[in-house]
Amino acid sequence: NGQGKIKMEIDQQGSFSMFGDVEILQGAYNFTLLNIVNKEFGLQPNSYIHWSGDPYGAQLDITATYTQKASLSPIFGAQADSSLINAPEMRRGYPVQVLMNLQGNLLSPDITFGIDVKDYPNAIMVNGAPVLLESYVAGFEQRMLNDEQELSKQVFSLIVLKKLSPENAFSGISQSAG
């Protein structure tokens with residue numbers, strides 16, 4: 001569903017042109033990977049499609065999200081104490097959003113991903129001491145911004161395996177399989 005103003009022109013020779021913008025209000029984008037993975041991403045408000053002539057040459061500025069509940073324990077890595085990793089709050093699933101941005105040409109958009117962890121407690125008590133989860137989650141999200149390869153692995157893990165994976169969990173997989 002969307003709203004906007006589009007001007008369509010057809011001349012006597014049958015040439016067809018479109019001009020204008022459509023703001024997407026709600027909808028879905030079906031993400032498929034090798035006909036094995038098929039996930040529905042929800043289109044977010046403030047996403048746009050812009051036409052400036054060629055109906056197939058529209059420009060996209062779209063954000064879509066896929067949410068998976070996942071345990072946060074894999075993001076702590078080897079530096080974390082086992083009592084933190086095994087805390088009940090860490091085994092519980094929290095909403096983790098995979099953000100997909102589609103930019104550019106309608107028929108061949110540039111697709112980038114991001115990860116956003118939602119609705120987790122800022123701190124938990126472990127062995128009688130408070131542990132600030134917020135700093136761990138912020139560190140994880142920052143690593144995803146700085147390491148495109150690790151981000152791709154985590155996105156794959158969330159979409160296909162339905163969980164976050166420990167850092168470098170896929171290091172044994174060959175590049176061709178990756």
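Residues numbered from 1 in each chain as written. Predicted model: local features only at pLDDT ≥ 70, side-chain atom pairs only at ≥ 80, totals over all residues. Heavy atoms only, no water.

Examining the overall build of the protein
Along its length, the protein carries four helices and 10 strands. Its helices and strands in sequence order give the protein the pattern β-β-β-β-β-β-α-α-β-β-β-β-α-α, from N to C terminus. For the protein, the C-alpha radius of gyration of 21 Å lies well beyond 16 Å, the compact-globule estimate for 178 residues. Projected onto its principal axes, the C-alpha coordinates of the protein cover approximately 80 × 35 × 25 Å. Once local pairs closer than 6 in sequence are excluded, the contacts in the protein between residues at least 24 apart make up 49%. For the protein, the exposed surface amounts to about 10,800 Å²; the carbon and sulfur share of it is 50%. Seen as two clouds, the 11 positive and the 18 negative side-chain charges of the protein have centres 9 Å apart. (Helix = DSSP H or I, 4+ residues; strand = E, 2+ residues; numbered from the N terminus. Rg over C-alpha atoms; globule rule 2.2 N^0.38 Å. Contact = heavy atoms within 4.5 Å. Areas by Shrake-Rupley, 256 points an atom, 1.4 Å probe, with all protein chains shown as cover. Lys, Arg positive; Asp, Glu negative; His and termini not counted. Charge placed at Lys NZ, Arg CZ, Asp CG, Glu CD.)

Observations concerning the pairing of strand 10 (residues 129–132)
As defined by bridge partners, strand 9 (residues 123–126) adjoins strand 10 across four bridges and the pair is classed as antiparallel. Each bridged residue has a counterpart across the sheet, and for Ile124 the counterpart in strand 10 is Val131. Between strand 9 and the antiparallel strand that follows it, strand 10, lie two residues; Asn127 among them carries a positive phi value of about 55°. (Pairing = 2+ DSSP bridges.)

What to know about helix 4 (residues 148–161)
With 14 residues, helix 4 ought to run about 20 Å at 1.5 Å a step, and its terminal C-alpha atoms sit 19 Å apart, in line with that. Within helix 4, the full set of buried residues consists of Glu150, Leu151, Gln154, Val155, Ser157, Leu158 and Ile159. Each element contacted by the buried residues of helix 4 is listed here: strand 3 (28–33), strand 4 (37–43), strand 6 (59–71), strand 7 (93–105), strand 8 (110–117) and helix 3 (133–146). (Expected span 1.5 Å × (residues − 1). Buried < 20%, exposed > 50% of the residue type's maximum accessible area, 1.4 Å probe, protein only.)

Concerning the environment of Ile10
When you line up the elements, Ile10 lands in strand 1 (residues 2–10). A relative accessible area of 63% places Ile10 in the exposed class. Each residue touching Ile10, except ones within four places of it in the same chain, is listed here: Ser15 and Phe16.

Comments concerning the pattern of salt bridges
In total, this model carries two salt bridges according to the counting rule given. Its salt-bridge partner being Lys7, residue Glu9 comes within 3.1 Å of it at the nearest N-O pair. In this structure, Lys118 engages Asp116 in a salt bridge whose closest nitrogen and oxygen atoms are separated by 2.9 Å. (Salt bridge = Lys/Arg side-chain N within 4 Å of Asp/Glu carboxyl O.)

Regarding the environment of Leu161
Note that Leu161 resides in helix 4. Sequence spacing of Leu161 and Asn46 is 115 residues, and the spatial spacing of their C-alpha atoms is 30 Å.

Quick word on the packing of helix 3 against helix 4
Where helix 3 meets helix 4, the closest approach of the two axes is 5 Å, and the angle between their N-to-C directions is 115°. Taken together, the axes of helix 3 and helix 4 are roughly perpendicular relative to one another. On helix 4, the residues that touch Phe140, Met144 and Asn146 of helix 3 are Glu148, Glu150, Leu151 and Gln154. Tallied by class, the residues present in the contact of helix 3 with helix 4 amount to three nonpolar, two polar and two charged. (Axes fitted to C-alpha atoms, helices over the stretch in contact; angles between N-to-C directions. Parallel < 35°, antiparallel > 145°, perpendicular 65-115°, else oblique. Nonpolar A, V, L, I, M, F, W, Y, C, P; charged D, E, K, R; others polar.)

Description of the layout of surface pockets
As a volume, the second largest pocket reaches approximately 210 Å³. In terms of lining residues, the second largest pocket is bounded by Leu99, Asn101, Ile111, Thr112, Phe113, Gly114, Met144, Leu145, Glu148, Leu151 and Ser152. Breaking the lining of the second largest pocket down by element, the ones donating at least two residues are strand 7, strand 8, helix 3 and helix 4. Looking at the lining of the second largest pocket, the element that brings in the most residues is strand 8, giving four residues. A per-class count over the lining of the second largest pocket returns six nonpolar, four polar and one charged. (1 Å grid on protein atoms, 1.4 Å probe; cavity = no way out; pocket = protein on both sides within 12 Å on 5 of 7 lines; lining within 4 Å. Points joined across faces, edges and corners; volume = space filled by probe spheres on them.)

Functional significance is not addressed by these values, which are geometric in nature.
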